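Secondary and tertiary structure notes
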Amino acid sequence: MNRLTTNLALAGSLAAAVLTLSASTAQADDMGMKMEKCYGVAMKGHNDCKAAYPGATCAGSQKVDYDGQSFKEVPAGSCTSMKTPYGPGSLSPIKRP
């Protein structure tokens, strides 16, 4: 596999993981499970709230993938084990490139 194919495969896998987590988050919330804010793991336009951009309203306003200033609600205890190209998720806002 060439580098482009590898990168595309990795990006697709990460996107699928985030979408799967989004679906399981809705289920977890419906079942009364505890949730936590996880910064730096949401894909562009899929954050739950708090985007660091002027004029950003809230949910879905994130402009880049893995923005460390925007969070996604995830099941409690899972945030810091989530891996991204920039490192693990964080329970507080973080600086990302």
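Everything below is about the structure shown above.
Here we summarise the structure given alongside this text. (Residues numbered from 1 in each chain as written. Predicted model: local features only at pLDDT ≥ 70, side-chain atom pairs only at ≥ 80, totals over all residues. Heavy atoms only, no water.)

Moving on, we come to unusual backbone geometry. One non-glycine residue, tyrosine 66, lies in positive phi territory at about 60°. Its location among the elements puts tyrosine 66 in the loop between β1 (35-39) and β2 (71-75). Taking relative accessible area as the criterion, tyrosine 66 reaches 7% and is therefore assigned buried. (Helix = DSSP H or I, 4+ residues; strand = E, 2+ residues; numbered from the N terminus. Buried < 20%, exposed > 50% of the residue type's maximum accessible area, 1.4 Å probe, protein only.)

Okay, the nonpolar core next. In summary, soluble globular proteins display a tendency toward joint burial of nonpolar side chains. Membership of the largest hydrophobic core is limited to 5 residues, which are Cys38, Val41, Val74, Cys79 and Met82. With residues near it in sequence (within four places) discarded, cysteine 38 still touches Ser70, Phe71, Lys72, Val74, Cys79, Met82, Gly89 and Ser90. (Core = buried A, V, L, I, M, F, W, Y, C linked by side-chain atoms within 4.5 Å. Contact = heavy atoms within 4.5 Å.)

Further remarks concern the packing of aromatic side chains. Under the counting rule described, the total for this entry stands at 2 aromatic pairs. Judged by centre distance (5.6 Å) and plane angle (65°), the ring pair of tyrosine 39 and phenylalanine 71 falls under edge-to-face. Within this pair, whereas tyrosine 39 is found in strand β1, its partner phenylalanine 71 is found in strand β2, the two being separated by 32 residues in sequence. The residues tyrosine 39 and phenylalanine 71 share a single accessibility class, namely buried. (Phe/Tyr/Trp six-rings, centres within 6.5 Å; stacked < 30°, edge-to-face > 60°.)

We now examine the side chain of serine 70. By the element assignment, serine 70 lies in the loop between β1 and β2. What makes serine 70 buried here is its relative accessible area of 0%. A polar atom in the side chain of serine 70 sits 3.2 Å from the side chain of aspartate 67. (Polar contact = N/O pair within 3.5 Å; in protein donor to acceptor, adjacent residues only side chain to side chain.)

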